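A closer look at the structure
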Amino acid sequence: MVFSSILFLFRFLPVVLLLYFVAPGKIKNLVLFLMSLLFYAWGEPVYVVLMLFSTVVDYTHGLLVHCFKEKGQMGRAKMVVLSSVVINLFLLCFFKYSDFLIHNINHILGTSIAGLNLGLPIGISFYTFQTMSYTIDVYRGDAKVQTNIISFGTYVALFPQLIAGPIVQYKTVDEQINHRTVTWEGFSYGIIRFVTGLGKKVLLANNIGLLWEEIQALSTAGAISALTAWLGALAFAFQIYFDFSGYSDMAIGLGAMFGFRFNENFTHPYESKSITEFWRRWHVSLGTWFKEYVYIPMGGNRCGRGKQIRNIMIVWALTGIWHGASWNFMVWGLYFGVILIIEKLWLYRLLEKLPVVCRHIYTSILVLISWVIFAFDSMNYGALYIGKMFGTDGMLVDGKALYFIGSYGMLFVILFVGSTSFPKRAAEFVMEKLKNTVFLQTALCNVVLAAILMLSIAFVVDASYNPFLYFRF
């Protein structure tokens, strides 16, 4: 079940909201927990057991850590944390990387070990990171131990952010788990964020995704011009941004409807003027997780230049492979790791001396190349496509490129403007001008939201192309 589906919009969500708001305060978490399990079981009935296992494991590990800390037995507490990390990583690696490992062993050794052919549990990369961070934070003293397993289960299974993030660290919702209120203002904000995200996903990501699908198929079938290749890379860049940021908006909005405040996951990353800045703005929750639980514990930048470079490369290798069991993801992560090291050592100082437009162009080109690496599971196809972007097929412009510009030109303009902070600033400007006429403010906001919602529903009903790119991670 995906958020941009008729089933979710007109059946599941209304039922959950009704049950949640009629339920007494003491059982609201139970309602959310059970309905979240139902949401997950709709597509993954078998793997609900895995989620429940992960919940029980980290709930009990958190209690044990707290107990040993209270007794001053820090050594034992540390061993419990290690146990939690090992179990969570084993679950993640077993289900996500077993066949990848077997395939590579067969390739290297010439063996014929049969793959396990396990289905990937949806969202396992997200909820294992969340449960693991809980035990670590209890050990560090950054979060209070949760003694109610239903409350902890609500945190783990919470359907708004369960299957594609953002990664919600327990310490950021610690107080909200058992003490939260829903106000009309908060609920209204949740609706605005949800509808905005739905529009980004359905109206923008899906439509530009069709262009990427077509250009990708053309590139693997034969020669394409450099301009067509760049249009394809740009299309995928916009698709993945509006797909994932749209999902994050919907998750934040749904959370607000139930009284939760999730941190932002995207802050207009395509406005960045360096790769360093880009990764402060893109998938913020993932970057924060790796920084707090991998980079800093390894020493961060406190152990000399050599170990700092080592730590950066390890973090970015893990960031890459976290996205999927394929070598292109590893290369994608290392690609960014190398660029970030180069920027940190000397390039960033040079970039600051350049005009802003040059810095934007530099960042945009590197990001577009990175998305090609990301998009192709086959390293060969990815490398060939990058070559096509630089004219290896011997054509700079062809009829297809001009046709795509004519067909998608206006959509590209909308996507470009929509990926910047301009729409937000424009909306704030208009609302400020109408601050003395609350009726007009409300009416204008409702008209815009209603238009987005109706258009989105029309597209959902009519369209057969409605993927969520981050479900596979």
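See the structure above.
Nothing here was measured: the structure is a model prediction, and the numbers come from that model. (Residues numbered from 1 in each chain as written. Predicted model: local features only at pLDDT ≥ 70, side-chain atom pairs only at ≥ 80, totals over all residues. Heavy atoms only, no water.)

Our focus in this paragraph is the overall build of the chain. For the chain, the count of helices and strands is 18 helices and 0 strands. Its C-alpha radius of gyration of 23 Å places the chain within 12% of the 23 Å reference for a compact globule of 473 residues. Judged by the C-alpha coordinates and their principal axes, the chain covers about 70 × 65 × 50 Å. Expressed as a percentage of the 473 residues in the chain, the buried residues total 52%. (Helix = DSSP H or I, 4+ residues; strand = E, 2+ residues; numbered from the N terminus. Rg over C-alpha atoms; globule rule 2.2 N^0.38 Å. Buried < 20%, exposed > 50% of the residue type's maximum accessible area, 1.4 Å probe, protein only.)

Right, let's get into the packing of aromatic side chains. Going through the model one piece at a time under the given rule, you end up with 66 aromatic pairs. With a centroid separation of 6.2 Å and 70 degrees between ring planes, the pair formed by F236 and W371 is classed as edge-to-face. Of this pair, F236 sits in helix α9 (residues 226-257) while W371 sits in helix α14 (residues 356-375), and the two are 135 residues apart along the sequence. Just as F236 is buried, W371 falls in that class too. Considering the side-chain rings of F236 and F374, the 6.5 Å spacing of their centres and the 40 degrees angle between planes classify their relative orientation as tilted. (Phe/Tyr/Trp six-rings, centres within 6.5 Å; stacked < 30°, edge-to-face > 60°.)

So, about the side chain of T131. By secondary structure assignment, the location of T131 is in helix α5 (residues 124-140). A polar atom in the side chain of T131 sits 3.2 Å from the side chain of D58. Other than its neighbours up to four places away in sequence, T131 contacts S54, D58, N88 and V156. (Polar contact = N/O pair within 3.5 Å; in protein donor to acceptor, adjacent residues only side chain to side chain. Contact = heavy atoms within 4.5 Å.)

Moving on, we get to the packing of helix α8 (residues 184-221) against helix α18 (residues 438-462). Packing of α8 against α18 brings their axes to within 9 Å, and their N-to-C directions diverge by 45 degrees. Comparing their axes, α18 and α8 come out oblique. The interaxial crossing formed by α8 with α18 has left-handed handedness. Of the residues in α18, those in contact with I192, V195, L198, G199, V202, L203 and N207 of α8 are C445, L449, I452, L453, L455, S456, F459 and V460. (Axes fitted to C-alpha atoms, helices over the stretch in contact; angles between N-to-C directions. Parallel < 35°, antiparallel > 145°, perpendicular 65-115°, else oblique. Left-handed = near helix turned anticlockwise from the far one by under 90°.)

Here we take up the nonpolar core. The biggest cluster of nonpolar side chains holds 136 residues, and the ones touching the most others in it are F8, F159, Y270 and W371. Top contributing element to this core by residue count: α9, with 17 residues. Contacts of F159, omitting those with residues within four sequence positions, involve F3, F8, F12, V16, L32, S36, F39, Y247, L254 and F258. (Core = buried A, V, L, I, M, F, W, Y, C linked by side-chain atoms within 4.5 Å.)

So, on to the packing of helix α2 (residues 28-41) against helix α6 (residues 149-157). Following both chains from N to C, one finds α2 and α6 inclined at 40 degrees, their axes separated by 9 Å at the closest point. One way to sum up the angle between α2 and α6 is to call them oblique. With respect to the hand of their crossing, α2 and α6 are arranged in left-handed fashion. Counting all contacts with α2, which are made through N29, L30, L32, F33, S36 and L37, the residues of α6 involved are I150, S151, G153, T154 and A157. Of the residues belonging to the contact of α2 with α6, the class tally is 6 nonpolar, 5 polar and no charged. (Nonpolar A, V, L, I, M, F, W, Y, C, P; charged D, E, K, R; others polar.)

Another point: α9. In a regular helix each residue adds 1.5 Å, so 32 residues correspond to 46 Å; α9 covers 46 Å between its end C-alpha atoms and thus fits that length. Burial within α9 is extensive, with 29 of its 32 residues counted as buried. (Expected span 1.5 Å × (residues − 1).)

Turning our eyes to something else, we now look at the pattern of salt bridges. Overall, the coordinates contain 10 salt bridges when judged by the stated rule. As a salt-bridge pair, K144 and E175 come within 3.2 Å of each other at their nearest N and O atoms. You can see K144 sitting in the loop between α5 and α6 and its partner E175 sitting in helix α7 (residues 170-178), a full 31 residues away along the chain. With relative accessibility at 54%, the residue K144 sits in the exposed group. The residue K273 makes a salt bridge to E277 at a minimum N-O spacing of 3.7 Å. Taken together, the shared-partner salt bridges connect R193, K200, D249 and E264 into one network. (Salt bridge = Lys/Arg side-chain N within 4 Å of Asp/Glu carboxyl O.)

Geometric values such as these leave the question of function open.
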